[in-house]
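Structural features, examined
For reference, the chains in residue letters:
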Amino acid sequence: MKFKLLVLALFLSNLTHSQTEKDSLLQKDIVSLVEEMEFMYGYDQTLREYTLYKTFDKSETNRIENLRDSLKTEEISSRQFESDAMKKLIWEKYINPKDAEHTKRMIEITKKYGFPRLNRIRKYYKKDFIDPEFNPLVIFVHSPKEYWKELKELILNEYKQELISQCQYGYLLWHFTGRKSLQPMLDNGYEMVTENGKTRLKSTCD
């Protein structure tokens, strides 16, 4: 029994040391990392928005997104590409290749610094984000299928080290299992609630 306790103590000690080391590295490189991740996030969102709105003007895309549902649908419909080939080109040449490149880079960042969840970033980064909606998690959400197996192992490790919250783990796992079932989310911090006659998923995490 004493031996088992000793092994557990050593394991916890090594885990704490590893997390402290990663926090130190994150603090040291925080500015360059945030700037890099902001670029990846901005590229991800801007190109996807262009396939819907045919504009890079952020004020215009924000205007459309704030419309009532019926008006928003009408606006998007009026902006559809007349040529399917153009939309296909954007996905094949500009979005999919960069999704793979950004996923690979985020895996490297996570292994070295621990998952850069927002509350960890804000401990060390004192400036405002360029985009108030910036979140590195979104980059992983758009990861190609060939990375899913590796990512499932990676996020489980990050969750065990408390570098990803339970709800973040469940949400990412839902994506990495092909979004075929809500069970990964329901098993990890989400519940189905009915409000005003509508049923929806609700996070129970802080």
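Anything mentioned here points back to the structure above.
The model shown is predicted, which means the values in this text are computed figures rather than measured ones. (Residues numbered from 1 in each chain as written. Predicted model: local features only at pLDDT ≥ 70, side-chain atom pairs only at ≥ 80, totals over all residues. Heavy atoms only, no water.)

**Some points on the environment of R63**
We apply this condition: Runs of H or I in DSSP of at least four residues are treated as helices and runs of E of at least two as strands, each being numbered from the N terminus. Only protein chains enter the accessibility calculation, which uses a 1.4 Å probe. A residue is then buried if its area is under 20% of the maximum for its type, exposed if over 50%, and partly exposed in between. Only heavy atoms matter for contacts: two residues are in contact if any of them lie within 4.5 Å across the pair.
Turning to its location among the elements, R63 is positioned in helix α2 (residues 58–65). Accessibility expressed as a relative area gives 35% for R63, which makes it partly exposed. Dropping the residues within four chain positions of it, R63 is found in contact with E75 and R79.

**Quick notes on the environment of T177**
For clarity, the threshold we go by: Any pair of N or O atoms that falls within 3.5 Å is considered a polar contact. Within protein, one atom must be able to donate a hydrogen and the other to accept it, and sequence-neighbouring residues count only if both atoms are side-chain atoms.
Summarising the element assignment, T177 is placed in the loop between α8 (166–176) and α9 (183–186). Judged by its relative accessible area of 32%, T177 falls in the partly exposed class. Separated by 69 residues in the primary sequence, T177 and E108 have C-alpha atoms spaced 21 Å apart. For T177, the contacting residues outside a window of four places in its chain are K152 and P184. For T177, the side chain forms a polar contact with the main-chain oxygen of W174, separated by 3.2 Å.

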